[in-house]
Amino acid sequence: MTNSAAPEEPKYWVKSVARAADILEVLAAPSQGNGLSVTEVGQACSISKSAAFGMLQTLRAYGLVSDDGEGMNRRYRLGMSLARLGDRARAQVSLRGVAHPVLRELTRATGMASRLAVPEDGHAVVVDQVELDQRVRLDLRMGQRELPHCTGLGKALLSAVPQTEAASVVERFGLPRRTARTITDPATFLSHLRDIARVGYALDDEEDAEGIICIGAPVFDDRSVCAGAVSITGLKLGLPAWRYQELGGQVRDAARRISLLLGWVEEPEDGPAGGETPHSGGFGS
């Protein structure tokens, strides 16, 4: 077996390290909860039983692999040292640092200003942005709190949590009308959130401010918890309807890229928004 996510072999590729990484990937498969024998590990990684045994014992010495049983009944699984390393890796990852290069690319690709927001007390708080270098500039202030029901960022965040939590946010803050296009009926809005979760992006079509559109998509971390949302914002100016879908796909793809960089693992498309199960990220706290 080879790691499907592994790059082509570079100049300084160390095969033994690559094999060790393959073993960890094999043991990490959801179907291997009961562990694998050394023979099964060797077969899965296309290496000899003796090579697999040596690798497993070395990884075991570092706590990266654990085992139980004796002889032919010995089974190997992931070691708890990986949890410690995972916690440290998570602490070293900055959402803003990971997202900013993607925001720059998104702005170049769409011709619209892009932003990053995190959930806070039922609202979306903007923590980074990339503006366009042009005469017409939108008022996109850092630290600005976006309303949860009528903005691309707010709706994207709400679509990524359980409906009970979204309903709680609606009950707490209401659905104040900002423009003639703002959704103000709770049942209609909750149905709208389900549609957003299905397509993977949220559209604010002059719902927060006349003449302005915003398209947002949620970002997930390594625990499949919504860590934030990205969006693009621009002037409507007769933008054709087909362009909304095209832009929405670009925003959704950008959010997916950031999620993968945060360690999110994409699942089969059997649930909302490409398969990820909504988890509470403290949006309504």
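The rules behind each value
- Residues numbered from 1 in each chain as written.
- Predicted model: local features only at pLDDT ≥ 70, side-chain atom pairs only at ≥ 80, totals over all residues.
- Heavy atoms only, no water.
- Helix = DSSP H or I, 4+ residues; strand = E, 2+ residues; numbered from the N terminus.
- Buried < 20%, exposed > 50% of the residue type's maximum accessible area, 1.4 Å probe, protein only.
- Contact = heavy atoms within 4.5 Å.
- Areas by Shrake-Rupley, 256 points an atom, 1.4 Å probe, with all protein chains shown as cover.
- pLDDT = per-residue confidence, 0-100.
- Salt bridge = Lys/Arg side-chain N within 4 Å of Asp/Glu carboxyl O.
- Pairing = 2+ DSSP bridges.
- Axes fitted to C-alpha atoms, helices over the stretch in contact; angles between N-to-C directions.

Novice: Quick question: what am I supposed to make of the overall build of the protein chain here?
Specialist: Assigned secondary structure in the protein chain consists of ten helices and eight strands. Sorting the 285 residues of the protein chain into buried and exposed places 43% on the buried side. By sequence separation, contacts in the protein chain at least 24 residues apart represent 59% of the contacts at least 6 residues apart. In the form shown here, the protein chain has an accessible surface area of approximately 15,100 Å², with 53% of it arising from carbon and sulfur atoms.

Novice: Is there a simple way to think about the confidence of the model for the protein chain in this case?
Specialist: Scored by pLDDT, the protein chain comes out at a mean of 86, with 84% of its residues at no less than 70. pLDDT under 50 marks residues 1–7. Its contacts with residues more than four places away, or in other chains, come to eleven contacts. Across residues 270–277 the pLDDT falls below 50, and counting only partners more than four positions away or on other chains, this stretch makes 15 contacts in the model.

Novice: Could you clarify how one ought to interpret the pattern of salt bridges in this entry?
Specialist: Side-chain pairs of opposite charge can arise where the charged atoms are in close proximity. All chains considered together, the criterion is met by 21 salt bridges. A salt bridge links Glu-70 to Arg-74; the shortest N-O distance between them is 3.5 Å. Among the residues examined, Glu-70 registers a relative accessible area of 61% and is labelled exposed. Here the salt bridges do not stand alone but share partners, grouping Arg-60, Asp-67, Glu-70 and Arg-74 into one network.

Novice: Which parts of the structure should I look at to understand the sheet that holds strand S7 (residues 212–220)?
Specialist: Backbone-to-backbone hydrogen bonds pair the strands of a sheet. The strands run either parallel or antiparallel. Read across the open sheet, the six strands follow the order S5-S4-S3-S8-S7-S6; overall the sheet is antiparallel. Of all the strands in the sheet, just strand S5 (145–146) and strand S6 (202–205) have a single pairing partner and so form its edges. Here S6 runs beside S7; their pairing, made up of four bridges, is antiparallel. Residue pairing in the sheet places Ala-202 in a bridge with Gly-216 of S7. The sheet strands contacting helix H9 (residues 241–261) are S6, S7 and strand S8 (226–235), and the helix crosses S7 at an angle near 30 degrees.

Novice: Please explain unusual backbone geometry as it appears in this structure.
Specialist: Most of the time, phi is negative for any residue but glycine, and the peptide bond is trans. Within the chain, Asp-121 stands out as a residue other than glycine whose phi angle is a positive 50 degrees. Secondary-structure assignment places Asp-121 in the loop between strand S3 (113–120) and strand S4 (123–130). For Asp-121, a relative accessible area of 28% corresponds to the partly exposed category. If you check the backbone angles, Glu-206 has positive phi at about 60 degrees while not being a glycine. Structurally, Glu-206 can be placed in the loop between S6 and S7. Overall, the relative accessible area of 16% leaves Glu-206 in the buried class.

Novice: Could you clarify how one ought to interpret the side chain of Ser-37 in this entry?
Specialist: Tracing the chain through its elements places Ser-37 in the loop between helix H1 (15–28) and helix H2 (38–45). Among residues more than four places away in sequence, those in contact with Ser-37 are Arg-74, Arg-75 and Tyr-76.

Novice: I would appreciate a short explanation of the environment of Ile-213 in the present structure.
Specialist: Examined against the element boundaries, Ile-213 turns out to sit in strand S7. You can call Ile-213 buried: its relative accessible area is 0%. It is 5.8 Å that separates the C-alpha atoms of Ile-213 and Lys-236, two residues lying 23 residues apart in sequence. Residues within four places of Ile-213 in sequence aside, it is in contact with Met-112, Asp-204, Asp-205, Ile-232, Thr-233, Gly-234, Lys-236, Leu-239 and Tyr-244.

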